[in-house]
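# Overview (structure and organization)
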Amino acid sequence: MWFGSFFLRTLWLSLVVALFWLPVLVIFGYGVFFLFEIFQNEPIALGMIIILTLQPVMVLLAIFAIRGGMMALNVTRGTELHSLGKIVFRISRFNLPLMWTVTTLFGLGTTITGLRLMNSEFITDFQRAKEIDSMRDIARFFDVLGEFPVSMLGGWLFGACIAFALLGVSVASASAMAAVKPPNHHTIWGIASQFINLFLLSMVLIMLPFGWSVMTLGMDATMSDVMALDRMIYYGGVGYFTWATCGLAAGAALAYSLTLAKEKVEYQEMMDAIAGSTTEGPDLKSLRESRMKK
């Protein structure tokens with residue numbers, strides 16, 4: 001499918017995904033708020049809970065978002081709740097590590113190269129700040145993180161775009177298996193399918209706004225400068241990030257439906273070719289009868 005058509009269909013589908021996903025997001029948000037209320041006087045326990053549950057919760061939210069798009073496209077059945085845990089484990093075991101690997105390779109490579117070209121002292125300061133022995137060292141560590149150039153985040157986001165394009169359909173195929181009478185997709189099904197469309201979609205939704213933000217703030221802007229922005233800008237950023245997530249989920253769902261349709265067409269063509277070769281074969285009975293008549 002041409003990217004223009006893919007993009008327009010994704011924009012429309014993202015609104016449907018938002019209607020499906022935002023109530024789920026509100027429920028999860030209330031659960032997080034309730035968790036903070038319970039453990040507000042136990043920061044260590046709260047930190048451990050966040051570390052242990054952050055990744056599974058993020059994967060679960062991604063599954064719900066993608067499934068919203070697939071249900072709107074009628075390429076999956078209703079959700080089977082007892083299958084969600086298995087699908088979360090499957091994505092966390094295979095898809096997510098690959099996505100983190102691709103993102104980290106691009107992120108670290110561009111960050112180290114960019115900081116060296118800028119003659120920045122951030123790497124040296126960061127290595128010193130990692131040696132934490134007291135609360136003062138923790139404060140110094142966060143001060144050093146605040147000096148990280150915002151423009152260096154571009155490599156990490158570009159790596160995330162590559163990872164999404166490579167594994168977006170594969171994650172969607174795993175999400176489709178959390179359904180009543182699920183399809184039987186193997187682990188690597190859909191890898192790199194619809195790569196161009198998903199890559200361009202992620203570039204438009206992520207990299208273009210990021211580039212515009214960097215140009216607005218200035219190439220020498222740091223994370224501390226971002227933290228000093230007006231609160232309304234934060235709210236706008238959160239709103240856009242939420243919609244962009246719905247857009248990426250809609251893109252993954254649409255790419256899955258296109259890949260599924262393509263696979264069905266190829267399977268039908270293969271079956272037609274087999275049936276054609278069978279009917280076009282020699283009629284042994286007729287040949288035998290004609291030879292007996294001679």
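Quick caveat: nothing in here was measured; it's all calculated off a predicted structure.

All right, on to the overall build of the chain then. Helix and strand counts for the chain come out as 10 helices and 0 strands. Expressed as a percentage of contacts within the chain between residues at least 6 apart in sequence, the contacts between residues at least 24 apart total 83%.

A few words on unusual backbone geometry. Despite not being glycine, asparagine 74 shows a phi value in the positive range, around 60°. With a phi angle near 50°, lysine 181 is a residue other than glycine that sits in the positive phi range. Mapping lysine 181 onto the fold places it in the loop between helix H6 (153–176) and helix H7 (195–217). Residue classification places lysine 181 among the exposed residues on the basis of a relative accessible area of 64%.

On to the nonpolar core. In terms of nonpolar packing, the biggest core is built from 57 residues, with Phe6 and Val17 touching the most fellow members. Listing elements by their share of this core, those giving two or more residues are helix H1 (3–38), helix H2 (43–72), helix H3 (84–117), H6, H7 and helix H9 (231–279).

Turning to a nonpolar patch on the surface, a few remarks are in order. Judged by side-chain polarity, Val32, Phe36, Ile50, Leu54 and Met58 come together as a nonpolar surface patch covering roughly 450 Å² of accessible area. Within the residue set of the nonpolar patch, elements represented by two or more residues are H1 and H2. With 3 residues, the top contributor of residues to the nonpolar patch is H2. Residue position: isoleucine 50 is located in helix H2. Take isoleucine 50: its relative accessible area is 35%, and that puts it in the partly exposed class.

This next bit is on the environment of phenylalanine 106. When you line up the elements, phenylalanine 106 lands in helix H3. Distance in space between the C-alpha atoms of phenylalanine 106 and tryptophan 156 is 6.1 Å, their sequence separation being 50 residues. Apart from residues no more than four positions distant in its own chain, phenylalanine 106 is found in contact with Gly155, Phe158, Gly159 and Ile162.

Cut-offs used in this document
- Residues numbered from 1 in each chain as written.
- Predicted model: local features only at pLDDT ≥ 70, side-chain atom pairs only at ≥ 80, totals over all residues.
- Heavy atoms only, no water.
- Helix = DSSP H or I, 4+ residues; strand = E, 2+ residues; numbered from the N terminus.
- Contact = heavy atoms within 4.5 Å.
- Buried < 20%, exposed > 50% of the residue type's maximum accessible area, 1.4 Å probe, protein only.
- Core = buried A, V, L, I, M, F, W, Y, C linked by side-chain atoms within 4.5 Å.
- Patch = residues over 30% accessible without salt bridge, like charges linked within 9 Å, V, L, I, M, F, W, Y side chains within 5 Å.
- Areas by Shrake-Rupley, 256 points an atom, 1.4 Å probe, with all protein chains shown as cover.
- Salt bridge = Lys/Arg side-chain N within 4 Å of Asp/Glu carboxyl O.

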